[in-house]
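Descriptive structure summary
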Number of protein chains: 2
Amino acid sequence: MDLKQIAKDTAKTLQSYLTYQATKTVLAQLSQTNPPLWHWLNNFCADKIQDGEVLIEKLFHEKPDLALRIMSVREHIAQEVAEFLPEMVCTGIAQANMQHRRQHLERITQFKLSNPQSKTENQTEIIQDEEL
Amino acid sequence: MDLKQIAKDTAKTLQSYLTYQATKTVLAQLSQTNPPLWHWLNNFCADKIQDGEVLIEKLFHEKPDLALRIMSVREHIAQEVAEFLPEMVCTGIAQANMQHRRQHLERITQFKLSNPQSKTENQTEIIQDEEL
């Protein structure tokens, strides 16, 4: 397992995701302040949202002001959010793992219990029938 | 801008991405140790890799051992990698922003310089023609 490469790939994915969040934020602002520009940017982003750097590079050729704005917003989001991510992700994974294990354990236990339980129910029904 | 919601969404995306990396790691191990199982897991994951929790939940119904293995690997990766991500992402975004700004500045400068430069070249050619 190449942890160094995984860290690099994860940071790159995260960078692209924060660019997507910054673009979403700018779009939300434009929808209030400048609907025609919102419409233009929304169409422009449609097929470029997978790679944040490509989006910004192409946007610089069309509307540099918007590219600069998305860049500023993503830098701000990263500075505000990044420090909380390690704790949130480690806790999230630990909790999700515990939940999956618990559900699995419940399924196994129910499966093993279901046969004896149903037998007991059947026996009770037979006894009740006989009593009636 | 709802930074709290962005942090939550980012942590969730990161969790799913680390599950993808864990699945890739387990697949790489299986390709060496158990090719038939590698083939089975590879096919199983094909349409479920977008959501890590759905993948693990469904895998628990088919092959619980593999689900537990992917869960252990993703927890390990998160513990080893997460603490470095804030620094890597903030530096990555700052560097990428600087590079985009530099390229934009170069393009503007070249564009502004190109006309006077071409005039000078033309003038030199005219002078040379006249001298000849």
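Structural data are supplied above this passage.
One structure accompanies this document, and this report is about it. Residue positions within a chain follow its written sequence, with the count starting from 1. Here chains are named by letter from A upward and ligands by number from 1 upward, in the order in which they appear as written. Where totals are concerned, whole chains, interfaces and linings use all residues; where local detail is concerned, this predicted model gives features only for residues with pLDDT of at least 70, and gives and counts side-chain atom pairs only at 80 or more. To get the side-chain values, all heavy atoms of the structure are used, and hydrogens and water are removed first.

Moving on to the overall build of chain A. Strands are runs of DSSP state E lasting at least two residues, helices are runs of H or I lasting at least four, and both sets are numbered from the N terminus onward. Helix and strand content of chain A: five helices and zero strands. For chain A, the succession of helices and strands along the chain, N to C, is α-α-α-α-α. Working rule for contacts: check all heavy atoms of both residues, and any pair within 4.5 Å makes them a contact. Across chain A, contacts joining residues at least 24 apart in sequence account for 53% of those joining residues at least 6 apart. To measure how exposed things are, a 1.4 Å probe is used in the Shrake-Rupley method; for residues, cover is taken only from the protein chains shown. When the accessible surface of chain A is summed, it comes to about 8,400 Å², and 53% of that surface belongs to carbon and sulfur atoms.

Here chain A sits on chain B after a turn of 180° about the axis and a move of 0.0 Å along it, with an RMSD of 0.0 Å. What we have between these two chains is a two-fold relation. Every residue of chain A has its C-alpha some distance from the rotation axis, and the shortest such distance is that of Leu14 of chain A, at 3.6 Å. Comparing interface residues between copies, 100% of those in chain A also sit at the interface in chain B, which points to an isologous, same-surface contact. Superposition of the copies was done by least squares, using only C-alpha atoms of residues whose pLDDT is at least 70 in both.

Moving on: the environment of Thr13 of chain B. Here Thr13 of chain B shows up in helix H1 (residues 3-33). Here the alpha-carbon distance between Thr13 of chain B and Ile56 of chain B, two residues 43 residues apart in the chain, equals 15 Å.

The next point concerns the interface of chain A and chain B. Contact residues are listed per partner, giving 49 residues for chain A and 49 residues for chain B. Salt bridges are defined by distance alone: a side-chain nitrogen of Lys or Arg within 4 Å of a carboxyl oxygen of Asp or Glu. On the surface where chain A and chain B come into contact, there are zero salt bridges. Within 3.5 Å is the distance limit for a polar contact, defined as a pair of N or O atoms, with the added protein rule that one can donate a hydrogen and the other accept it, and that residues adjacent in sequence qualify only through two side-chain atoms. Where chain A packs against chain B, one counts ten residue pairs in polar contact (both at pLDDT 80 or more). Secondary structure elements with two or more residues in the side of chain A that touches chain B: helix H1 (3-33), helix H3 (52-62), helix H4 (64-81) and helix H5 (85-131) of chain A.

This paragraph deals with the packing of aromatic side chains. For this analysis, a ring pair means two rings from Phe, Tyr or Trp (six-membered ring only for Trp) whose centres lie within 6.5 Å, classed as stacked if their planes differ by under 30 degrees, edge-to-face if by over 60, and tilted for the remaining angles. Enumeration over the complete set of coordinates arrives at four aromatic pairs over all chains. One residue, Lys63 of chain A, lies across the ring of Trp40 of chain A, its end atom 4.8 Å from the ring centre. To sit over a ring, a charge needs its Lys NZ or Arg CZ within 6 Å of the ring centre and within 35 degrees of the ring normal.

Let us now look at the packing of H1 of chain A against helix H2 (residues 35-45) of chain A. Residue and element names in this part refer to chain A. Note on definitions: angles span 0 to 180 degrees between N-to-C directions of axes, and those axes are lines fitted to C-alpha atoms, for helices only across the stretch in contact. Remark: H1 packs on H2, axes separated minimally by 7 Å, with the N-to-C direction vectors making an angle of 150°. With respect to H2, the element H1 is oriented roughly antiparallel. Across from Thr23, Val26, Leu27, Leu30, Ser31 and Thr33 in H1, the residues of H2 making contact are Pro35, Leu37, Trp38, Leu41, Asn42 and Cys45. Charged means Asp, Glu, Lys or Arg here, nonpolar means Ala, Val, Leu, Ile, Met, Phe, Trp, Tyr, Cys or Pro, and polar covers whatever is left, Gly included. Partitioning the contact of H1 with H2 into residue classes produces eight nonpolar, four polar and no charged. Roughly parallel means an angle under 35 degrees; roughly antiparallel, over 145; roughly perpendicular, 65 to 115; everything else is oblique.

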